[in-house]
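Read off the chains here:
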Amino acid sequence: MKRNRKYQLQLAIAACLVLPFSSPLLADEAAQPDTSEWACKFCVVSDGWFGDLEFGATYLDDWSPKFGDYRGYDDDGVFLHLAGDASYRSEHGYYMDFHARDLGLESRALDMRGGKQGSYEWRASYNEIPRYLSYAAVSPYAGVGPDVLTLPDGWKMTTADPSDFLPIDLESKRKTLTAGLTFGLGSAWKFDADYERQTKDGTKAFSGGLFFVNAAIFPAPVDYTTDLFTAGVEWATRKSNLRLEFAGSDFDNGYNSVTWDNPLPVIAGDEVSRSALEPDNKYHLVSLSGSWRITRSLRISGKVSSGEVEQNDPFLPYSISPAYEDTPLPRDALYGKLETSMYNLSGRVYWRVHDRFDITASYKANERDNKTPVDVFTPILLEVWPTGEYSNRPYGYDRSQARVEARFRPVGNLRLNLGGTWDTIERTYQDVSETDEDTVWGEMAFAPWHWLDMRLKFDGSDRSAKDFEQLGNYGRPENPLMRKFNLAERERKRITAEFDLIPTENMSFTLSYYATDDEYDESVLGLK
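Note that the structure is a prediction, hence the values are computed from the model and not measured.

**Describing the side chain of Asn366**
Point 1. Looking at where Asn366 falls in the secondary structure, it is placed in strand β19 (residues 357-370).
Point 2. Sequence-distant contacts of Asn366, defined by excluding residues within four places in its chain, comprise Ser341, Met342, Tyr397, Asp398, Arg399 and Gln401.

Next up, the structure:
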């Protein structure tokens, strides 16, 4: 576009210079200029390969985990610094980009993409994130890293020697590999798909309780693999768009438990302990979103989604102790199933009433339907302490939110906002079955000068609760007058003042003040 505008300007100037000094006959007979070889000397048009390369070396002395964390410096010494960018452009619309960072460190990253403009694009990336979480950590356990930690034969805490504690490194590395493709299907349709694999390996600190009041902190293995996949198809025109998308994830833990020798055994049966690690799980989500611009000042958008989470890892026995390891379980796995849904049934409505006045309204409904079976369990605490019967509580909720906001700008540097929200949550396996919270607010924003913005906001809310029923704390006594603060009836008033000062383009300051007054008038004990 710059070339065309420049050519037109040159031709117009040439015509103005020729016409006053030429007769009509000469003007008609004059040959048209040949513009095929013209070029814009001031236009930067990239063609072919171009880029830059950075290389050098970094010397590090007196390394510490805090300094090396995330950065990729894992010890003292010299590290290669290698990074760069490379790109390719062609006159037919083909392109390719490469970006590399910290290739000589443990935090290396590489990103590449290419394709044809307006037609298709492919992309891929790889990066590593190191974590160094310990400094001079030691442990008496042998075989640090696997899922079974053992103490030397005859080892006792009371007679342990400092030489019995061996240095260990609590560190991990996350590797992420991605690949994706996007291509157009005609002028209005587009399809895209992306795949990502994350792996995390290493060792982390883990803790477990020991009979009777003791605890142990020890290194536990980390071996995570997460696969993510998304695919979508989109239809778009000047006034509307619609997108259907699928997203799925699969998490796999290479270790389902960790077992360790008890450094402080007290009674028979508690010499060895075991604890479960993060379980495998799967998740998928299907969503449909879209928008429609009815007029220049009225727009509607909405989204509907439905997902499901599953977790079916086998249960560990109640105890690793021979006395209780055969205690029967009510079922062999959790068979956990959680269905989530989100419906913007009324969507989001934007109405521009006037150049200085507009209204936004939205409605959103969320549901968390926990379909995990309910059973009665009889846990064995600390491997040797039988307890009573307990049932699991698959929490769930159904939430609906409505919001309306009006914005008015009487003058250019003054804006007034007024709005309200209505939030209703219906819960299962909670102390109250339903809470309703209504909120109204008003805000004034004023910018008297280009270097100063001021905002003053007031909001007030009122939350009410229905059908209080104390479910109990698994046998632990509770005062029947106690209320959980997030479920109790409450009135809230808040005022907020903010000042943004921008003395220069490279410097800004923000001063803020807020005061909140919460009243729990219906609570007898606790917050008032």
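**Here's the deal with the environment of His99**
Point 1. Mapped onto the elements, His99 comes out in strand β3 (residues 94-101).
Point 2. The exposure class assigned to His99 is partly exposed, which follows from its relative accessible area of 35%.
Point 3. His99 sits 251 residues away from Tyr350 along the chain, and the two C-alpha atoms are 40 Å apart.
Point 4. Non-local contacts of His99, meaning those with residues more than four positions away in its chain, are made with Gly84, Asp85, Ala109, Leu110 and Asp111.
Point 5. A polar atom in the side chain of His99 sits 2.6 Å from the side chain of Asp85.

**Some words on unusual backbone geometry**
Point 1. Located in the positive-phi region is Tyr335, a residue other than glycine, with phi close to 50°.
Point 2. Judged by relative accessible area, Tyr335 falls into the partly exposed class, the value being 41%.
Point 3. One non-glycine residue with positive phi stands out, namely Tyr429, at about 55°.
Point 4. Assignment of secondary structure puts Tyr429 in the loop between β25 (414-428) and β26 (432-449).
Point 5. Of the residues examined, Tyr429 reaches a relative accessible area of 39% and is grouped as partly exposed.

**Examining a negative patch on the surface**
Point 1. A contiguous patch of negative charge on the surface is contributed by Asp61, Asp62, Asp74, Asp75, Asp76, Asp169 and Glu171.
Point 2. What makes Asp169 exposed here is its relative accessible area of 54%.

**Side note on the sheet that holds strand β7 (residues 148-149)**
Point 1. Here three strands make up an open sheet; going across it, the order is β7-β13-β14 and the pairing mixed. This sheet does not close on itself; its edge strands, each paired only once, are β7 and β14 (272-276).
Point 2. Bridge count between β7 and strand β13 (residues 257-261): two bridges; the pairing is parallel. Across the sheet, the residue bridging to Leu149 is Trp260, located in β13.

**As for the confidence of the model for the chain**
The predicted coordinates should not be examined in detail at positions where pLDDT is low.
Point 1. Mean pLDDT over the chain stands at 88; residues scoring 70 or higher make up 93%.
Point 2. Every residue in residues 1-28 scores below 50 in pLDDT, and together they form 14 contacts with partners more than four places removed in sequence or on other chains.

**What about the packing of aromatic side chains?**
Point 1. Summed over all chains, the structure comprises 14 aromatic pairs.
Point 2. For the ring pair Trp49 and Phe98, a centre distance of 6.3 Å and an interplane angle of 25° mean the geometry is stacked. With Trp49 in strand β1 (residues 48-60) and Phe98 in strand β3, the pair connects residues that are 49 residues apart, well separated along the chain.
Point 3. Looking at Phe98, the relative accessible area reads 25%, which means it is partly exposed.
Point 4. The rings of Tyr141, Phe206, Phe218 and Trp260 are connected pair by pair, giving a single aromatic cluster.
Point 5. The ring of Phe67 has Arg71 sitting right over it, with the charged end atom 4.7 Å from the ring centre.

Cut-offs applied
Residues numbered from 1 in each chain as written. Predicted model: local features only at pLDDT ≥ 70, side-chain atom pairs only at ≥ 80, totals over all residues. Heavy atoms only, no water. Helix = DSSP H or I, 4+ residues; strand = E, 2+ residues; numbered from the N terminus. Contact = heavy atoms within 4.5 Å. Buried < 20%, exposed > 50% of the residue type's maximum accessible area, 1.4 Å probe, protein only. Polar contact = N/O pair within 3.5 Å; in protein donor to acceptor, adjacent residues only side chain to side chain. Patch = residues over 30% accessible without salt bridge, like charges linked within 9 Å, V, L, I, M, F, W, Y side chains within 5 Å. Areas by Shrake-Rupley, 256 points an atom, 1.4 Å probe, with all protein chains shown as cover. Salt bridge = Lys/Arg side-chain N within 4 Å of Asp/Glu carboxyl O. Lys, Arg positive; Asp, Glu negative; His and termini not counted. Charge placed at Lys NZ, Arg CZ, Asp CG, Glu CD. Pairing = 2+ DSSP bridges. pLDDT = per-residue confidence, 0-100. Phe/Tyr/Trp six-rings, centres within 6.5 Å; stacked < 30°, edge-to-face > 60°. Lys NZ or Arg CZ within 6 Å of the ring centre and 35° of its normal.

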